[in-house]
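Summary of the model geometry
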Amino acid sequence: MSNITIYHNPSCGTSRNTLAMIRNSGVEPEVILYLKTPPDRAQLLALIAATGQPVIELVRTKEAVFKELGLDAPGTSDAQLVDAMLAHPILINRPIVVSPLGTRLCRPSEQVLDLLPQPQQAAFTKEDGQAVVDAQGRRV
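1. A short note on the overall build of the protein chain
- Of regular secondary structure, the protein chain possesses four helices and six strands.
- What you see in the protein chain, going N to C, is helices and strands ordered as β-α-β-α-α-α-β-β-β-β.
- In terms of overall size, the protein chain behaves like a compact globule, its C-alpha atoms giving a radius of gyration of 16 Å where 140 residues would be expected to give roughly 14 Å.
- With respect to the principal axes defined by its C-alpha atoms, the protein chain has extents near 50 × 30 × 25 Å.
- Every one of the 140 residues in the protein chain was classed for burial, and the buried ones make up 42%.
- Here the analysis covers contacts within the protein chain between residues at least 6 apart in sequence; of these, 58% occur between residues at least 24 apart.

Rendered as structure tokens:
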């Protein structure tokens with residue numbers, strides 16, 4: 001069993017790059033396809049707390065449903081945001097990675113490097129062609 005978990009959306013390039021960097025460290029993480037298997041309230045609240053970020057940082061504010069639900073209105077509470085994320089998992093920002101070194105929303109994807117106990121095993125270039133790690137496993 002892996003000691004790294006990624007809340008992943010395979011349709012998202014940032015999420016795919018993050019997963020690939022985890023694998024490039026020699027680890028096969030637990031992959032949670034959160035749109036198919038969303039976290040329950042307790043899990044979501046624990047993830048948010050573990051990141052140390054405000055709830056709004058873990059919400060995809062550019063999703064149409066964010067505005068449709070009026071979540072952009074002044075005074076929207078954290079509880080309202082969490083309720084919306086539970087009802088509409090597409091609002092959960094991704095990828096969230098949990099490792100022995102912490103929990104983080106990995107945007108940009110190279111933030112995952114700070115959470116990996118093992119170094120990168122090879123060069124890594126993101127899907128857009130941006131080099132992130134050199135052949136010696138060091139950040140570029």
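2. Examining the sheet that holds strand β1 (residues 5-8)
- Pairing is mixed across the open sheet formed by four strands, whose spatial order is β2-β1-β3-β4. Across the chains shown, the open sheet's two edge strands, defined by having one partner strand only, are β2 (30-33) and β4 (102-105). Within this sheet the neighbouring strands show an average axis-to-axis angle of 15 degrees, counted without direction.
- In this structure, β1 lies alongside strand β3 (residues 96-99), joined through three bridges in antiparallel fashion. Pairing of I6 across the sheet is with V97, part of β3.
- Seen against the sheet, helix α1 (residues 13-24) touches β1, β2 and β3 and runs at an angle of roughly 160 degrees to β1.
- Contacts from helix α2 (residues 41-51) reach β1, β3 and β4, with the element oriented near 95 degrees to β4.

3. Regarding the environment of I90
- With respect to the helices and strands, the residue I90 is situated in the loop between α4 (78-87) and β3.
- Look at I90 and you get partly exposed, because its relative accessible area is 27%.
- Taking C-alpha positions, I90 is 36 Å from A135, a pair spaced 45 residues apart along the chain.
- Aside from chain neighbours lying at most four places away, what touches I90 is N9, L35, R60, E63 and V65.

4. Details of the pattern of salt bridges
- Inspection of the entire model under this criterion finds eight salt bridges.
- Note that E63 and R60 form a salt bridge whose closest N and O atoms lie 3.3 Å from each other.
- Residues participating in the shared-partner salt-bridge network are R104, D114 and R139.

5. As for unusual backbone geometry
- The omega torsion across R94 and P95 is -5 degrees, close enough to zero to call that bond cis.
- Following R107, the chain continues to P108 via a peptide bond in cis, the omega torsion being 5 degrees.

Criteria and thresholds
- Residues numbered from 1 in each chain as written.
- Predicted model: local features only at pLDDT ≥ 70, side-chain atom pairs only at ≥ 80, totals over all residues.
- Heavy atoms only, no water.
- Helix = DSSP H or I, 4+ residues; strand = E, 2+ residues; numbered from the N terminus.
- Rg over C-alpha atoms; globule rule 2.2 N^0.38 Å.
- Buried < 20%, exposed > 50% of the residue type's maximum accessible area, 1.4 Å probe, protein only.
- Contact = heavy atoms within 4.5 Å.
- Pairing = 2+ DSSP bridges.
- Axes fitted to C-alpha atoms, helices over the stretch in contact; angles between N-to-C directions.
- Salt bridge = Lys/Arg side-chain N within 4 Å of Asp/Glu carboxyl O.

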